[in-house]
Amino acid sequence: MKAEEWEPYYSEILDFFGFSREDDERAAQVLAELLPRDDIEILRSTIQGRDCIVCGNAPSLATDILTTDFSGKVVIAADAAARVLLGAGHRPDVILSDIDGMDDDFLAMNDLGTILVLHAHGDNIPLVRSWVPKVRGPVVGTTQAAPLAHVHNFGGFSDGDRCVFCAYELGAASVTLIGFDLDDRSVDPVKHGKLMIARKLLQLCGHDV
Ligand SMILES: Nc1ncnc2c1ncn2[C@@H]1O[C@H](COP(=O)(O)OP(=O)(O)OP(=O)(O)O)[C@@H](O)[C@H]1O
Ligand SMILES: Nc1nc2c(c(=O)[nH]1)N=C(CO)CN2
Ligand SMILES: [Mg+2]
């Protein structure tokens, strides 16, 4: 998504949650300084022209996995969905995370080739500082604010919808969603707000979830 197309959605999200653009920009700078590399071309070659399965982390993911044919597909996990996939025997090819779901399992998957797409925002700067220096494998940085030379903005907000924007931006042949239950009543009010925004952003990409 072009920056000028993303801007009105981003602006509305900042107003809705009371988040600060300046804090998001500061977070992107911190990420830029800590990233060991920019593996965007590895990420592009993983996704371009391929059928992708994007996995959200709704409670329904565990059963969705059982009825999904993963063969030949690129598996993209939204944050902690990666652990559910791994537990079911599917190490994701790519994980997008704003680092609140990150743990040593993510580093172990990254050591085996899973690409980490790590997102900096105004409320996760301490997580960026503590986890990014530990990354040894392929890594790409993202922001929801203005992109920097090696910190990308593919569009999207929550980990799940950002996976979908990233896949289309990098030329996926198709994108299938599993583990998305945006009407989930078990989530807290902030998460509910994020899921409603995810619905709107996914509709922009042609996915009615
Ligand atoms: N019912 C659901 N509950 C949680 N996440 C969901 C649900 N349905 C879809 N998702 C998607 O799965 C993504 C990953 O979920 P997870 O619970 O790991 O996220 P999170 O790190 O808490 O979310 P975020 O950082 O985006 O607030 C979410 O960002 C969201 O886009
Ligand atoms: N400033 C800020 N930005 C975000 C946040 C958040 O909590 N604060 N959460 C996100 C993932 O849901 C994505 N972006
Ligand atoms: Mg997260």
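Rules of the game
- Residues numbered from 1 in each chain as written.
- Chains lettered and ligands numbered in written order.
- Predicted model: local features only at pLDDT ≥ 70, side-chain atom pairs only at ≥ 80, totals over all residues.
- Heavy atoms only, no water.
- Helix = DSSP H or I, 4+ residues; strand = E, 2+ residues; numbered from the N terminus.
- Buried < 20%, exposed > 50% of the residue type's maximum accessible area, 1.4 Å probe, protein only.
- Disulfide = S-S within 2.5 Å.
- Donors = N, O, S within 2.8 Å, 3.2 Å for Na, K, Ca; no water.
- Near = heavy atom within 4 Å.
- Polar contact = N/O pair within 3.5 Å; in protein donor to acceptor, adjacent residues only side chain to side chain.
- Areas by Shrake-Rupley, 256 points an atom, 1.4 Å probe, with all protein chains shown as cover.
- Phe/Tyr/Trp six-rings, centres within 6.5 Å; stacked < 30°, edge-to-face > 60°.
- Lys NZ or Arg CZ within 6 Å of the ring centre and 35° of its normal.
- UniProt positions renumbered as here; feature names shortened; annotations may be inferred.

Another aspect to go through is the environment of Glu33. Secondary-structure assignment places Glu33 in helix α2 (residues 21–34). Accessibility expressed as a relative area gives 64% for Glu33, which makes it exposed. Residues Glu33 and Arg129, 96 residues apart in the sequence, show an inter-C-alpha distance of 9.8 Å.

One pass over the full model with this rule turns up zero disulfides. No disulfide involves Cys55; its nearest neighbouring cysteine sulfur is the one of Cys163, lying 8.2 Å away. With relative accessibility at 0%, the residue Cys55 sits in the buried group. In this structure Cys166 is a free cysteine whose sulfur lies 7.3 Å from that of Cys163, the closest cysteine sulfur available.

Now for the coordination of the magnesium ion (ligand 3). For a metal bound by four donors in a tetrahedral arrangement, the ideal donor-metal-donor angle is 109.5 degrees, while six donors in an octahedral arrangement ideally sit at 90 or 180 degrees. Looking at the metal site, the magnesium ion (ligand 3) is ligated by Asp79 (OD), Asp98 (OD), Asp100 (OD) and Asp159 (OD), spaced 2.0 to 2.1 Å from it. Considered as a linear motif, the donors of the magnesium ion (ligand 3) on their single chain read D-x18-D-x1-D-x58-D. Of this pair, Asp98 sits in the loop between β3 (94–97) and α6 (104–111) while Asp159 sits in helix α8 (residues 159–169), and the two are 61 residues apart along the sequence. When its relative accessible area of 12% is taken as the criterion, Asp159 is described as buried.

Moving on, we get to the site of ligand 1. Around ligand 1, a shell composed of 21 residues is seen, among which Asp79, Asp100, Ser158, Asp184 and Lys191 lie nearest. A distance of 2.9 Å separates a nitrogen atom of ligand 1 from a polar atom in the backbone of Asp181. Within the side chain of Asp184, one N or O atom sits 2.9 Å away from a nitrogen atom of ligand 1. Within the complex, the protein chains bury 90% of what would otherwise be the 580 Å² of accessible surface of ligand 1.

Moving on to unusual backbone geometry. Even without being glycine, Asp79 reaches a positive phi, approximately 45 degrees. Its location among the elements puts Asp79 in the loop between β2 (74–78) and α5 (81–87). In this structure Asp79 comes out as buried when scored by relative accessible area, which is 6%. Residues other than glycine seldom take positive phi values, yet Ile99 does so here, at roughly 75 degrees. In this fold, Ile99 is placed in the loop between β3 and α6.

With that settled, consider the packing of aromatic side chains. In the structure shown here, the tally under the stated rule is six aromatic pairs. Ring plane angle 90 degrees and centroid distance 4.9 Å describe the contact between Phe16 and Phe17, whose orientation is recorded as edge-to-face. A centroid spacing of 6.3 Å and a plane angle of 35 degrees characterise the contact between Phe19 and Phe157, whose relative ring orientation is tilted. Here the residue Phe19 occupies a position in the loop between α1 (3–17) and α2, and Phe157 occupies one in the loop between β6 (151–152) and α8, the gap between them amounting to 138 residues. Owing to a relative accessible area of 8%, Phe157 belongs among the buried residues under this scheme. In this structure an aromatic cluster arises from ring pairing among Phe16, Phe17, Phe19 and Phe157. Looking at Lys134, its charged tip hangs above the ring of Trp131, at a distance of 4.6 Å from the centre.

Turning our eyes to something else, we now look at the UniProt feature "domain: 6-hydroxymethylpterin diphosphokinase MptE-like" (unreviewed entry) in the chain. Sequence positions flagged by UniProt for "domain: 6-hydroxymethylpterin diphosphokinase MptE-like" (unreviewed entry) are, in local numbering, residues 32–184. The distance from the first to the last C-alpha atom of residues 32–184 is 35 Å, and the span holds 33% helix and 21% strand.

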